[in-house]
Amino acid sequence: MNRHLYLLMLTMLIVVSSELQVPAMMPEMAEDLGVDTGRIGLLVSIFALGMALGGPVIAYALRHRPPKQALLTVVATYAVPEMLVPVVHEYWWVVLMRILTGCLAGAAVGLSIVYATKLAPSPDKIGEAVSIVLSGIMAGTVVGLPVSHFIAGRWNWQATFYLLGVAALAVFLVSLLALPPRNAATADDNAQDLRNLRLPTLWSRYLVSFLTIGAAYAAFSYFTPLLEQSAGFSADATTLILLAYGLCSLVGNLIVGKLADRHAVGVLRFGHALLFLSLGVLAIAGQVQPLVLAMVLIVGLAGVTMNPPLVTRVVEIGGAGSLVSTIHTSVITLGITVGTGVSAFTISTFGDDPGVAMWTGSVFALLAAITLALQSGRRKTHTRRPVREPAQSVVGAE
């Protein structure tokens, strides 16, 4: 099973690296395209918006296809606008290509998670399987920005788009040969997927995901000024600390994945508490280097690493259908966007101090903990049966 999940992990790594490639080379792109850096920054927001809004639309259009065919269609198509960006060489055409790439990336993430649930050896291993696939996000966060920056500096910014496009085609070819087929969702499964979207309990769990990831990114987006301006670390030291943060996220994700199926609520409660406390310390003691270093690494271990239990709780109520999973991806993407945006607003309102962003993230974590506390624990009711039965039939088919 694991080798198949690692292929899905590579898919995640590529789409996350694509998301981070533009921030890594803004000045070069701005100069070459004849626009200011702010307009290049808009490409980042447009990509995220495409992920959030376009991903579910594509997943809905592909809902009748087998999961392997649906995912590989998206991956192969993704390579096209990725490699067209350096060819069009006109800002508004680049905008269009980034919108398309974002839509396809959002669909790829959602469909990869759906595929992971179908490759799990048993329903009780879904969280662990998903954590392996989601480690591609952590790995992409670690390597995406520095590798894109290195390539743009060594050759040019266009080379990163060609490289990721070719990488997507390579993953497509290997996956075509290696990934095991699974049956397409039936008409009843698709109808149930749509009905599950009407469940208030599902949306309340989406809200926990939104607030949890929003908390992590409200702070993480401003770690660089916190480390350099407040704590006084050098630029080189900051790079190493951010790399260590990414490695902690990768390790934490795998550890949390082992616990996600049996202890999802407990893991989230512990994670929210760690986030609330560590971000509070960063806000209060942002000038104390040893404390800042320790707290940044703790956020790495307990921030975006909470994705597996978030996915487990959503699957528990809403099933593992493509729409439920892809909309969950959209909600998480919106959490990233809103968390970062609220921090930008609070910093501009309460002073140009990155510590304000740490308070913002801490408040998001507190709201996530309160929302989780207001929800009931695991319920063994009829709402779980549609989740279990298809997963068992898939495993039996192997």
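Residues numbered from 1 in each chain as written. Predicted model: local features only at pLDDT ≥ 70, side-chain atom pairs only at ≥ 80, totals over all residues. Heavy atoms only, no water.

Asker: How should I be thinking about the nonpolar core in this particular structure?
Answerer: Counting 48 residues, the largest nonpolar core has Tyr206, Phe223, Leu282, Val292, Val296 and Met358 as the members making the most contacts within it. For this core, the secondary structure elements donating two or more residues are helix H9 (200-220), helix H10 (223-230), helix H11 (235-284), helix H12 (289-302), helix H13 (307-318), helix H14 (322-350) and helix H15 (354-374). If we skip the residues at most four places from it in the chain, Val292 touches Leu226, Leu227, Ala231, Phe233, Leu282, Ala285 and Gly286. Among the nonpolar cores identified, the runner-up in size contains 43 residues, and Leu71, Ile113, Val130 and Val315 belong to it. (Core = buried A, V, L, I, M, F, W, Y, C linked by side-chain atoms within 4.5 Å. Buried < 20%, exposed > 50% of the residue type's maximum accessible area, 1.4 Å probe, protein only. Helix = DSSP H or I, 4+ residues; strand = E, 2+ residues; numbered from the N terminus. Contact = heavy atoms within 4.5 Å.)

Asker: Can you help me understand the packing of aromatic side chains in this one?
Answerer: Aromatic ring pairs are reported here in terms of the distance separating the ring centres and the angle at which the planes meet. Scanning the model with the defined rule gives seven aromatic pairs in all. Ring centres 5.9 Å apart and planes at 80° place the aromatic pair Phe220 and Phe223 in the edge-to-face group. Residue classification places Phe223 among the buried residues on the basis of a relative accessible area of 0%. Seen from their ring centres, Phe223 and Tyr245 are 5.7 Å apart, and the 90° between their planes marks the pair as edge-to-face. Taken together, the residues span a long stretch of sequence, with Phe223 in helix H10 and Tyr245 in helix H11 at a distance of 22 residues. Accessibility expressed as a relative area gives 4% for Tyr245, which makes it buried. Three or more aromatic residues joined by ring pairs make a cluster, and in this case those are Tyr217, Phe220, Phe223 and Tyr245. (Phe/Tyr/Trp six-rings, centres within 6.5 Å; stacked < 30°, edge-to-face > 60°.)

Asker: When you look at the confidence of the model for the protein chain in this model, what are you seeing that I'm missing?
Answerer: Detailed reading of the predicted model is not advised wherever pLDDT is low. Of all residues in the protein chain, 90% attain a pLDDT of 70 or more, and the chain-wide mean is 81. Between the elements of the protein chain, mean pLDDT differs from a low of 34, seen in helix H16 (residues 385-397), to a high of 93, seen in H15. Throughout residues 377-398 the model reports pLDDT below 50, and contacts reaching past four residues in sequence, or to other chains, amount to 28 contacts. (pLDDT = per-residue confidence, 0-100.)

Asker: So what exactly am I meant to see when it comes to the pattern of salt bridges here?
Answerer: Note that side chains of opposite charge can pair when their charged atoms are close. Within this structure, the stated rule accounts for two salt bridges. Arg205 serves as the salt-bridge partner of Glu316, at 2.6 Å between the closest nitrogen and oxygen. Of the two residues, Glu316 is situated in helix H13 and Arg205 in helix H9; the sequence distance between them amounts to 111 residues. (Salt bridge = Lys/Arg side-chain N within 4 Å of Asp/Glu carboxyl O.)

Asker: Would you explain the packing of helix H8 (residues 187-196) against H14 in this entry?
Answerer: What describes two packed helices is the angle between their axes and the distance between those same axes. In the contact formed by H8 and H14, the axes pass within 8 Å of each other and the chain directions differ by 40°. Comparing the axis directions of H8 and H14 gives the class oblique. Contacts from Asp193, Leu194 and Asn196 in H8 reach Ser322, Leu323 and Val324 in H14. Residue classes in the contact of H8 with H14 are distributed as three nonpolar, two polar and one charged. (Axes fitted to C-alpha atoms, helices over the stretch in contact; angles between N-to-C directions. Parallel < 35°, antiparallel > 145°, perpendicular 65-115°, else oblique. Nonpolar A, V, L, I, M, F, W, Y, C, P; charged D, E, K, R; others polar.)

Asker: Looking at this model, I keep getting lost on helix H7 (residues 157-178). Mind explaining?
Answerer: In this model H7 runs 32 Å from its N-terminal to its C-terminal C-alpha over 22 residues, within 8% of the 32 Å that 1.5 Å per residue would give. Along H7, the residues that are buried comprise Trp157, Gln158, Ala159, Thr160, Phe161, Leu164, Gly165, Ala168, Val171, Phe172 and Ser175. Two to three positions downstream of the cap, the backbone nitrogen of Gln158 sits 3.2 Å from a side-chain oxygen, assigning the N-cap of H7 to Asn156. (Expected span 1.5 Å × (residues − 1). Polar contact = N/O pair within 3.5 Å; in protein donor to acceptor, adjacent residues only side chain to side chain.)

Asker: Is there a simple way to think about the environment of Val88 in this case?
Answerer: By the element assignment, Val88 lies in helix H4 (residues 67-88). On the basis of relative accessible area, Val88 is assigned to the partly exposed category, the value being 27%.

Asker: When you look at H15 in this model, what are you seeing that I'm missing?
Answerer: The α-helix winds at 3.6 residues per turn, so residues separated by three or four positions along the chain end up facing the same way. Over its 21 residues, H15 runs 31 Å from end to end, which matches the ideal 30 Å to within 8%, given 1.5 Å per residue. With a side-chain oxygen positioned 3.0 Å from the backbone nitrogen of Gly355, the residue opening H15 is Asp353.

Asker: Quick question: what am I supposed to make of the side chain of Thr371 here?
Answerer: The topology assignment puts Thr371 in helix H15. Taking the relative accessible area as the measure of exposure, Thr371 reaches 15% and is therefore buried. In this view, Thr371 contacts Ser204, Leu207, Val208 and Leu211; residues no more than four positions away in its chain are not counted.

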